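Structural features, examined
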Amino acid sequence: MKAAVWHGRQDVRIEDAPDPPPPPSGQVQVEVAWCGICGTDLHEYIGGPVYIPQDAPHPLTKVKAPVIIGHEMSGRVTAMGPDVEGFSVGDRVAACPIIGCRHCRWCKSGSMAQCDKVAFLGTSWWGGALSERLNLYAYQCFHLTDSISDEAGALVEPFSAAVRAVAQARIGSEDNVAVVGAGPMGLMTLQAAILRGAKQVVSVEVAQRRKQTAKELGASEVIDPLQEEPEKRALDLTDGEGFDVVIECVGQPTTAHLAGRLTRTRGRLVVMGVFEKPAPMDLTDLVFREKTVSGSMSGFGMYDDTIRLMADARFKGEKLITARIPLAELVERGYHGLLYNKEDNVKTLVSPY
Ligand SMILES: [Zn+2]
Ligand SMILES: [Zn+2]
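Residues numbered from 1 in each chain as written. Chains lettered and ligands numbered in written order. Predicted model: local features only at pLDDT ≥ 70, side-chain atom pairs only at ≥ 80, totals over all residues.

**A look at the overall build of the chain**
Within the chain, the regular secondary structure consists of 11 helices and 18 strands. Whereas a compact globule of 353 residues would reach a radius of gyration of roughly 20 Å, the chain reaches 20 Å, a difference of no more than 12%. Dimensions of the chain, computed from C-alpha atoms along their principal axes, come out at roughly 60 × 40 × 40 Å. Here the chain holds 353 residues, and the buried ones make up 47% of them. (Helix = DSSP H or I, 4+ residues; strand = E, 2+ residues; numbered from the N terminus. Rg over C-alpha atoms; globule rule 2.2 N^0.38 Å. Buried ≥ 20, exposed ≤ 12 C-beta atoms within 10 Å, placed from the backbone.)

**Some words on the packing of helix α4 (residues 156-168) against helix α10 (residues 303-310)**
Look at α4 against α10: their axes get within 9 Å of each other, and the N-to-C directions meet at 105°. Considering their axes alone, α4 and α10 lie roughly perpendicular with respect to each other. From α4, Val156, Phe159, Ser160 and Val163 reach across to α10, where they touch Tyr303, Asp305, Thr306, Ile307, Leu309 and Met310. (Axes fitted to C-alpha atoms, helices over the stretch in contact; angles between N-to-C directions. Parallel < 35°, antiparallel > 145°, perpendicular 65-115°, else oblique. Contact = placed C-beta atoms within 7 Å.)

**Some words on the pairing of strand β12 (residues 200-204)**
Within β12, 4 of the 5 residues are buried, which leaves the element mostly enclosed by the surrounding structure. For strand β11 (residues 176-180) and β12, the ladder comprises 5 bridges, and the chain directions are parallel. Directly across from Val177, in β12, lies its bridge partner Val201. The parallel pair β11 and β12 is bridged by helix α5 (residues 184-195), and the resulting crossover is right-handed. Pairing of β12 with strand β13 (residues 221-223), which is carried by 3 bridges, proceeds in the parallel orientation. In the strand pairing of β13, Val202 is matched with Glu221. Following the chain from β12 across helix α6 (residues 208-216) to the adjacent parallel β13, one finds a crossover that is right-handed. (Pairing = 2+ DSSP bridges. Right-handed = clockwise from strand over helix to strand, strands pointing away.)

**Some remarks on the nonpolar core**
The biggest cluster of nonpolar side chains holds 105 residues, and the ones touching the most others in it are Leu130, Ala178, Val179, Val180, Ala193 and Ile247. Built from parts of two domains, this core gets at least three residues from each of domain 1 (2-143 + 316-351) and domain 2 (161-295). The residues touching Ala178, leaving out its near neighbours within four places in the chain, are Val202, Val204, Ala234, Phe243, Val246 and Leu262. (Core = buried A, V, L, I, M, F, W, Y, C linked by C-beta atoms within 7 Å. Domains from an automatic or database assignment.)

**Here's the deal with the environment of Leu262**
Assignment of secondary structure puts Leu262 in helix α8 (residues 253-262). We classify Leu262 as buried; it has 26 C-beta atoms within 10 Å. Between the alpha carbons of Leu262 and Asp146 there is a distance of 40 Å; along the sequence they are 116 residues apart. Those residues within four positions of Leu262 in sequence are excluded, and the remaining contacts are Ala178, Pro230, Glu231, Ala234, Gly242, Phe243 and Val246.

**Structural notes on α8**
Every buried residue belonging to α8 is among Thr255, Ala256, Leu258, Ala259, Gly260 and Leu262, and all of these are buried. Where the residues of α8 are buried, they touch β11, α7 (230-237), β14 (243-248), β15 (263-271) and α9 (283-288).

**A closer look at the packing of helix α1 (residues 39-47) against helix α11 (residues 330-340)**
Two elements in contact, α1 and α11, have axes separated by 11 Å at closest approach and are oriented at 95°. Relative to α11, α1 is oriented roughly perpendicular. Counting all contacts with α1, which are made through Leu42, Tyr45 and Ile46, the residues of α11 involved are Tyr335, Leu338 and Leu339. For the contact of α1 with α11, the class distribution of residues is 6 nonpolar, no polar and no charged. (Nonpolar A, V, L, I, M, F, W, Y, C, P; charged D, E, K, R; others polar.)

**Remarks on the domain arrangement of the chain**
We note that the domain assignment places domain 1 (2-143 + 316-351) and domain 2 (161-295) within the chain. Taking the mean C-alpha position of each, domain 1 and domain 2 sit 29 Å from one another. Its residues assigned to classes, the side of domain 1 that touches domain 2 shows 2 nonpolar, 2 polar and 4 charged.

**Focus on unusual backbone geometry**
Note that the residue after Gly48, namely Pro49, is joined by a cis bond; omega there is 5°. Summarising the element assignment, Pro49 is placed in the loop between α1 and β4 (67-68). Going from Ala65 to Pro66, the amide bond is cis rather than trans, its omega being 5°. In this fold, Pro66 is placed in the loop between α1 and β4. Of note in the backbone geometry, Asp83 takes a positive phi value of approximately 65° without being a glycine.

Right, here's the structure in full:
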């Protein structure tokens, strides 16, 4: 079968890979329909390895580069191993990339993403979603309802991370929410906050095209920190209080600092951006105003909720799909398009054929 294989930094090849074996106990085989390109894929391509085990095998799965990449997938079940319940051949599914040890405190308490040995589809698993077929544990697979297309199904994984961040923030109908950043994750988080019924959701962004998309997806206002004083504008929009909830979706030192400042007294800041190095925050402000800060990592545990929210007629996630390409064009049109033409590309979907 055809697959995209990561061999090293800036060395991703489309090549023939062996078909997966018949699924072992607890696993299903899935034929991939679509796979989205994620920011972490770009990090692995341009500056990796970040999570891909290159020198030593992964402690849980024993996988080591070269690996088949890709994790934001939809597809169809084509075979079931022994001891699999709840799936039949032909079922349409989305997949959760998290694979835990299933024995530690975190795996046993519903926080598999925090497992010390966690493995991840597309970096440390025997198969990736940028291929024709792969085996997955049945617990990683979630049924897609008829109203969710195969294309939208490839958005379940990134959208679940947004749904989790919004759940960490405990957003309710009285909350003024700011989402810092209107890249793919920021735009999904904006949608999740709106679907969760926040009072108003404001986007904080500087790029023209992204500001426009945030508006189209339902942001009530957009704050551009390069054109106005963001803290003053935040107070204007919230009766002088600041935002009840701020969600940071960028991962830069300046945006982390700003996100903290935009949060009201005793408000909640959730950080989901991926940072390349430690970032400063105004800790005196956090202390005096008793702000709560939490992180949010992946969408583990949120897939059923996510699929329910995506079936809502107000879900406009498909607007985020800006390109659909065949596997052969992954590097040139896919990676390079997202890396060097950020303004025009939000979410690129790849077909294995
Ligand atoms: Zn992803
Ligand atoms: Zn574990």
